[in-house]
Amino acid sequence: MKKTLGAAACFAMLATATAAAQDWPGRTTTVINPFSAGTTTDTVARVVAEGLQKKFGTPFIVDSRPGAGGMIGTTLVARAHPDGSTFGVSIAGPLVHNPLLYQRMAYDPAKDLTPLTLGVHQPCLLIASKALGVKTVPELVEVLKKNPGKYNYSYVGNGSLGHLVMTLLANKSGAQIVPVMYAGAVQATTAVMTDEVQMGCLPAQATMAQVRGGNVVPIAVSTAERAALLPEVPALREFYPEIVGSAWMGFVAPGGMSPALAGRISAAIGEVLRQPQVAELLRQQLMEPAPGTPAQFKAFMQEELARWKPVIVDNKITAE
């Protein structure tokens, strides 16, 4: 009898969860952007929110909650009720890297967040100052190895993708490069342009204006493939196969969300990102849509953790 009652209870819970998923959204939904308005995460959040609002006819509101490198906004997602009324966009730091960089966090990404879907990939662009006089990865490495510790690179935070890529480049090439932190990607790019530092691996969106203006030299992209808008610029992995890094963004919901509801939200986001006009808009900003299932996104984050954990641990990188 107890087993029968238990099975009945499980069936009832499953039926309730399925019904809730089918009813979503049904009311106003908040999409949390953990960075400032006008950033790339804000762009992606707004594109998705507008597409979902058109699809379902209910309001989707983007709420920008910047601070602590994206952890304040991501914490708000983690603490929300898992009924579909709140989900958010986030990046590798708050979702994968930060548990390795901080001794304490307000949430555990593995327990307190439900993966929905990968959103986009975007490259970091390795640029050099014109004064350095190099145009290729081999030329850059040759100059660095002949002058150990003489040259600097700019980056935007400990454990950021650019920091990890440059650390790995130094490890694999045997070069010694001095890191210099800046408050943001624009300042870090300007530092390369003025030869205050000689190079940096920085978000492509922040560097493209200076690249197009001929003010800095594009050396390589960090992603596995060359960027469509920069086909002449090689990928770092063409020289060092181990160096592959994407400044990706993904969508997450509060932990404990039912698989049925997570699947419905994931599918709806994916439908928006696959629309030709949306994909083209994002590609013009060097972002490549890459939606998938919750299971695929969870597996991807685990792969990212395995990729970058040795770099962070072996080089004793911390954010504190």
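Note that the structure is a prediction, hence the values are computed from the model and not measured.

1. Quick look at the packing of helix α8 (residues 185–193) against helix α9 (residues 204–212)
Where α8 contacts α9, the two axes come as close as 9 Å, and the packing angle between them is 30°. For the element pair α8 and α9, the recorded crossing hand is right-handed. Contacts between α8 and α9 pair Ala-185, Thr-189 and Met-193 from the former with Ala-206, Thr-207 and Gln-210 from the latter. Per-class residue counts for the contact of α8 with α9 are three nonpolar, three polar and no charged.

2. Some words on the layout of surface pockets
Put simply, the largest pocket is a space of about 1,000 Å³. Here the lining of the largest pocket takes six residues from helix α4 (residues 92–101), the largest share from any one element. For the lining of the largest pocket, a count of residues per class yields 21 nonpolar, 21 polar and no charged.

3. Some thoughts on the sheet that holds strand β1 (residues 29–33)
The strand order across the open sheet formed by six strands is β2-β1-β3-β10-β4-β11, and the pairing between neighbours is mixed. Either end of the sheet is taken by a strand with one partner, and the two such strands are β2 (60–64) and β11 (288–289). Where strand β4 (residues 113–121) meets strand β10 (residues 249–254), six bridges bridge the pair, whose relative direction is antiparallel. Opposite Pro-115, over in β10, you have Val-252 as the bridge partner. Where helix α2 (residues 40–56) meets the sheet, its contacts fall on β1, β2, β3 (86–91), β4 and β10, and the angle it forms with β2 comes to roughly 165°.

4. Quick look at the sheet that holds strand β9 (residues 216–221)
As summarised here, the arrangement of the five strands in space is β7-β6-β8-β5-β9, forming an open sheet in which the pairing is mixed. Whereas interior strands pair on both sides, the edge strands pair on one side only; in this sheet they are β7 (178–181) and β9. This sheet shows a mean twist of 30° between the axes of neighbouring strands, independent of strand direction. In the sheet, strand β5 (residues 124–129) pairs with strand β8 (residues 199–203) via five bridges, with the strands oriented antiparallel. Bridging across to β8, Leu-126 finds its partner in Cys-201.

5. Description of the packing of aromatic side chains
Scanning all chains against the criterion turns up seven aromatic pairs. Look at Tyr-153 and Tyr-155: their rings are 5.9 Å apart centre to centre, the planes differ by 50°, and that puts the pair in the tilted class. Their ring planes at 80° and their centres at 5.3 Å tell us that Trp-248 and Phe-300 sit as a pair that is edge-to-face. In this pair, Trp-248 sits in the loop between β9 and β10 while Phe-300 sits in helix α12 (residues 294–314), placing the two residues 52 residues apart along the sequence. Of the two residues, Trp-248 and Phe-300, both sit in the buried class. An aromatic cluster is present here, built from Trp-24, Phe-56 and Phe-60 joined pairwise through their rings. Its guanidinium or amino end placed over the ring of Phe-56, Lys-55 lies 5.3 Å from that ring's centre, counting from NZ or CZ.

6. Notes on the confidence of the model for the protein chain
For the protein chain, per-residue confidence averages 92 on the pLDDT scale, and 93% of positions sit at 70 or higher. The model gives residues 9–17 a pLDDT under 50, and that stretch makes two contacts with residues more than four places away or in other chains.

Reading the values: rules and limits
Residues numbered from 1 in each chain as written. Predicted model: local features only at pLDDT ≥ 70, side-chain atom pairs only at ≥ 80, totals over all residues. Heavy atoms only, no water. Axes fitted to C-alpha atoms, helices over the stretch in contact; angles between N-to-C directions. Helix = DSSP H or I, 4+ residues; strand = E, 2+ residues; numbered from the N terminus. Left-handed = near helix turned anticlockwise from the far one by under 90°. Contact = heavy atoms within 4.5 Å. Nonpolar A, V, L, I, M, F, W, Y, C, P; charged D, E, K, R; others polar. 1 Å grid on protein atoms, 1.4 Å probe; cavity = no way out; pocket = protein on both sides within 12 Å on 5 of 7 lines; lining within 4 Å. Points joined across faces, edges and corners; volume = space filled by probe spheres on them. Pairing = 2+ DSSP bridges. Phe/Tyr/Trp six-rings, centres within 6.5 Å; stacked < 30°, edge-to-face > 60°. Buried < 20%, exposed > 50% of the residue type's maximum accessible area, 1.4 Å probe, protein only. Lys NZ or Arg CZ within 6 Å of the ring centre and 35° of its normal. pLDDT = per-residue confidence, 0-100.

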